[in-house]
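A look at the structure
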Amino acid sequence: MITHHSRLLVLHGPNLNLLGSREPEVYGTMTLAELNSEIEQFAALKRAEVRIYQSNHEGKLIDLIHEHADWAEGIVINPAALTHYSYALRDAVTAVGLPTVEVHLSNIEEREPFRRCSVIRPVCIGQIHGKGLQSYLRGIELLLGEEEG
Ligand code: DQA
């Protein structure tokens, strides 16, 4: 599948710019800048090139997916609340045909019922939730084909 020096697009959805101060009991105290720095360091260890973006706007995330269709070899996306209802974002993932992993900081299975449904997951190669930063790192590993099972 994807080998060394792969190029990965990492996307954070709405409200994730507020990480650190936003519901720390749910999302932890790490800021988005700190999270991104950890992602960058991990990617470098894995010899992967990453481009990381956050947007509060559905259309911006869709544009970023389109714009990176030729550059990226895989996508790690935390669609945040868009997870639960954005068919447009789902269609963008399908349209570019890149292997995509959906990740979440929190355990979406054990929160409000509306969070259990993801409209994005069916078009992804996997979903990892409830592991904080590790959700993203395991998402990268999954794309790099290093994850077992
Ligand atoms: C989230 C979970 C979503 O349900 C929520 O809307 C978010 C963050 C997570 O990372 O745990 O904004 O995607």
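Check the entry above for the structure.
We now turn to the structure provided with this report. (Residues numbered from 1 in each chain as written. Predicted model: local features only at pLDDT ≥ 70, side-chain atom pairs only at ≥ 80, totals over all residues. Heavy atoms only, no water.)

A few points about the site of the ligand
What counts is decided by this rule: Nearness here has a simple test: a residue counts as near a molecule or strand if at least one of its heavy atoms is within 4 Å of that partner. Here a polar contact is taken to be a pair of N or O atoms separated by no more than 3.5 Å, where protein atoms must pair a possible hydrogen donor with a possible acceptor and residues adjacent in sequence count only if both atoms sit in side chains. The method behind every accessible area is Shrake-Rupley, applied with a 1.4 Å probe, and residues are considered shielded solely by the protein chains displayed. Put simply, Ala, Val, Leu, Ile, Met, Phe, Trp, Tyr, Cys and Pro go in the nonpolar bin, Asp, Glu, Lys and Arg in the charged bin, and everything else, Gly too, in the polar bin.
Near the ligand you find Arg22, Tyr27, Asn78, Ala80, Ala81, His84, His104, Leu105, Ser106, Ile108, Arg111 and Arg115, and these make up its full shell. Here an oxygen atom of the ligand and a side-chain polar atom of Asn78 are 2.8 Å apart. His84 places a side-chain nitrogen or oxygen 2.7 Å from an oxygen atom of the ligand. When isolated, the ligand has an accessible area of 320 Å², and the protein chains bury 99% of it. Within the shell around the ligand, the residues separate by chemical class into 5 nonpolar, 4 polar and 3 charged.

Describing the side chain of Ser118
Inclusion rule: In this description a helix means any DSSP run of H or I spanning at least four residues, a strand means any run of E spanning at least two, and both kinds are numbered starting from the N terminus. Residues count as neighbours in contact if any of their non-hydrogen atoms are within 4.5 Å of one another.
Mapped onto the secondary structure, Ser118 falls in the loop between strand 4 (100–103) and strand 5 (126–128). Within the structure, Ser118 has its side chain in polar contact with the side chain of Glu102 (distance 2.7 Å). Only 2.9 Å separates the side chain of Ser118 from the backbone nitrogen of Arg121, close enough to count as a polar contact. Excluding its chain neighbours within four sequence positions, the residues that come into contact with Ser118 are Thr83, Glu102 and Gln127.

Remarks on the pattern of salt bridges
As a reminder, the rule being used: We count a salt bridge whenever a side-chain nitrogen from Lys or Arg sits within 4 Å of a carboxyl oxygen from Asp or Glu. For each residue, the accessible area found with a 1.4 Å probe, counting protein chains only, is set against the maximum for its type, and the residue is called buried under 20%, exposed over 50%, and partly exposed in between.
Overall, the coordinates contain 4 salt bridges when judged by the stated rule. The residue Lys46 makes a salt bridge to Glu141 at a minimum N-O spacing of 3.8 Å. Residue Lys46 is located in the loop between helix 2 (32–45) and strand 2 (49–54), and its partner Glu141 is located in helix 5 (residues 133–143); the two are separated by 95 residues in the primary sequence. Of the residues examined, Glu141 reaches a relative accessible area of 21% and is grouped as partly exposed. A single network of salt bridges, built from pairs that share partners, joins Arg111, Glu112 and Arg115.

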